[in-house]
Amino acid sequence: MNAREEILRRVEGIVPTRPAAEVAASYARIDRSYLRRHREGGVLDLFAERVADYRATVLRVPAAEVAPAVAERLSARPGSYGVPSGLPAAWTSATDAPLVDDFSVASLDRLAGAVTGCAAAIAETGTIILDHGAAQGPRALSLVPDYHLIVVLAEQIAPDVPEALERLDPSRPLTFVSGPSATSDIELSRVEGVHGPRTLEVLVLQ
């Protein structure tokens, strides 16, 4: 038994796993009479506005123009880019930038940035959610490079939090992205890029 297995064994002894039927019954008893969305229309406009509030760049492009749009964004930062193996090849077909699918520590450190898709997005909060599936890559890819370009499909944008969460698999690792990484010290001096990308750009395909 290794250290990980020993730790999990101890946790299991403290908080034993509940039967699936019991978990499902508890989940079904949750009161969901709360407001599910705050507005019916203008979802794309709201999402773009809220993401921009976080000091991220938002570009809305027709789906047929995604390749030149991606190429243009990457050309502004020479270097290689981390691209998950499941990212649609058409999205990066127009770029001359070297594309890398090696996400070792040494490789991540050399990247100019990363290009990924997403699992869902929330218009009301301007949040993009990654579940690190095939088009998003490992969590390190969204945290280590200094630049992150996320492609969001219009249909992936939910008006509000409840509907977005229903589209997600809770068993997957979830990363919630609300603008570039930033923090403020006690003097309220804002510092970006501390524990994630300093620059976030979002392409919304419509």
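Residues numbered from 1 in each chain as written. Predicted model: local features only at pLDDT ≥ 70, side-chain atom pairs only at ≥ 80, totals over all residues. Heavy atoms only, no water.

**Remarks on the UniProt feature "domain: LUD" (unreviewed entry) in the protein**
What counts is decided by this rule: UniProt positions are given in the numbering used here, feature names are shortened, and annotations may be inferred rather than shown by experiment. Numbering goes from the N terminus for both helices and strands, where a helix is a DSSP run of H or I of at least four residues and a strand is a run of E of at least two.
Under the UniProt annotation, the feature "domain: LUD" (unreviewed entry) is placed at residues 115-204. The span residues 115-204 carries 7% helix and 37% strand; its end-to-end C-alpha distance comes to 13 Å.

**Considerations on the packing of aromatic side chains**
Put simply, the rule reads: Only rings of Phe, Tyr and Trp enter the pairing, Trp through its six-membered ring, and a pair is recorded when the two centres are within 6.5 Å. The plane angle decides the type: under 30 degrees is stacked, over 60 is edge-to-face, the rest tilted. Partly exposed residues are those whose accessible area sits between 20% and 50% of the maximum for their type, while under 20% is buried and over 50% is exposed, using a 1.4 Å probe and protein chains only. Only when the NZ atom of a Lys or the CZ atom of an Arg is both within 6 Å of the ring centre and within 35 degrees of the ring normal do we say a charge sits over the ring.
Under the defined criterion, the tally for this structure stands at one aromatic pair. Summarising the aromatic geometry, the rings of tyrosine 81 and tyrosine 147 are spaced 6.2 Å apart at their centres and angled 80° between planes, so their arrangement reads as edge-to-face. Here the residue tyrosine 81 occupies a position in strand β2 (residues 81-82), and tyrosine 147 occupies one in strand β7 (residues 147-153), the gap between them amounting to 66 residues. Both residues of the pair, tyrosine 81 and tyrosine 147, belong to the buried class. The cationic tip of arginine 32 hangs over the ring face of tyrosine 27; the distance from NZ or CZ to the ring centre is 4.4 Å.

**Considerations on the layout of surface pockets**
Counted only if it meets this: Grid points spaced at 1 Å and placed over the protein atoms alone form the basis of the search, with a cavity being a set where a 1.4 Å probe fits but cannot get out and a pocket an open set showing protein on both sides within 12 Å along at least five of seven lines. Lining residues have an atom within 4 Å of a point. Grid points are joined across faces, edges and corners, and a volume is the space filled by probe spheres set on the points. Residues are sorted three ways: Asp, Glu, Lys and Arg are charged, Ala, Val, Leu, Ile, Met, Phe, Trp, Tyr, Cys and Pro are nonpolar, and all the rest, Gly among them, are polar.
By volume, the largest pocket is sized at about 240 Å³. Lining the largest pocket, in full, are Tyr27, Arg32, Tyr34, Arg36, Val161, Pro162, Leu165, Glu166, Leu168, Asp169, Pro170 and Leu174. Sorting elements by how many residues they give to the lining of the largest pocket places helix α6 (residues 161-166) first, with four residues. Its residues assigned to classes, the lining of the largest pocket shows eight nonpolar, no polar and four charged. There is about 160 Å³ of room inside the second largest pocket. Around the second largest pocket, the lining is made up of 15 residues, and of these Leu143, Val177, Gly179, Ser181 and Pro197 lie nearest the centre. With three residues, the top contributor of residues to the lining of the second largest pocket is strand β9 (residues 175-177).

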